[in-house]
Amino acid sequence: MRRFRGEAENKVDAKGRVSIPAPFRRVLEEGDPDWTAGLNPNFVIVYGRRNSKCLEGYSLSSMNDVDDLVSRLPRYSKEREILERLLNSQSIYVQVDENGRIVIPPRIRERAQITSKAMFVGMGDKFQIWEPDSYRNDMVVMDQRLSENNFEDEIYSLLDYNESNSEKT
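These numbers were taken from a predicted model, which means no experiment stands behind them. (Residues numbered from 1 in each chain as written. Predicted model: local features only at pLDDT ≥ 70, side-chain atom pairs only at ≥ 80, totals over all residues. Heavy atoms only, no water.)

Caption draft 1: Looking closely at the packing of aromatic side chains. Counted according to the given criterion, the structure contains seven aromatic pairs. Measuring from centroid to centroid gives 5.4 Å for Phe 4 and Phe 24, while their planes differ by 75 degrees, and the two rings are edge-to-face. Of this pair, Phe 4 sits in the segment before strand 1 (7-11) while Phe 24 is found in helix 1 (residues 22-30), placing the two residues 20 residues apart along the sequence. Assigned by exposure class, Phe 4 and Phe 24 land together as buried. Among the aromatic residues, those joined into a cluster by ring pairs are Phe 4, Phe 24, Phe 43, Phe 120 and Phe 127. (Phe/Tyr/Trp six-rings, centres within 6.5 Å; stacked < 30°, edge-to-face > 60°. Helix = DSSP H or I, 4+ residues; strand = E, 2+ residues; numbered from the N terminus. Buried < 20%, exposed > 50% of the residue type's maximum accessible area, 1.4 Å probe, protein only.)

If you want it as structure tokens, here you go:
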């Protein structure tokens, strides 16, 4: 399956309509089990993550994977209840329209401080929607963290670690 990759900044109109980048739409189509040519794909926007200044978009199949992970937690555990509430009550189903756009409701736009522009950021099995200046500021903070003590080298070494551990199993 394709993955969400890249960045794209798009205008948001007064009604909250914004175009989904075309490559992202292809991933959403693949991730919607009910999608066929001529139909518009559905997906999920999660807006409930605390301390997050962005929205997260998941294809239906990716959201099912997340739901499966949550359902593996003990049924009445506090952690499961928190995750279920954050991921289920603070998310919405969205459908891409015939012009490749979605409408982000006002209260959800407000939560991410999105006004006239939105930055779409590919994150593999999900994507993020940011107010562009907030995204750029977050990237500066990330760059600073990566520069500290050669942390960037450590981050990439995790990929080697995962690869070597998967070969042992």
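Caption draft 2: Region of interest: the environment of Arg 2. Mapping Arg 2 onto the fold places it in the segment before strand 1. Take Arg 2: its relative accessible area is 47%, and that puts it in the partly exposed class. One polar contact links Arg 2 to Glu 30, side chain to side chain, over a distance of 2.5 Å. (Polar contact = N/O pair within 3.5 Å; in protein donor to acceptor, adjacent residues only side chain to side chain.)

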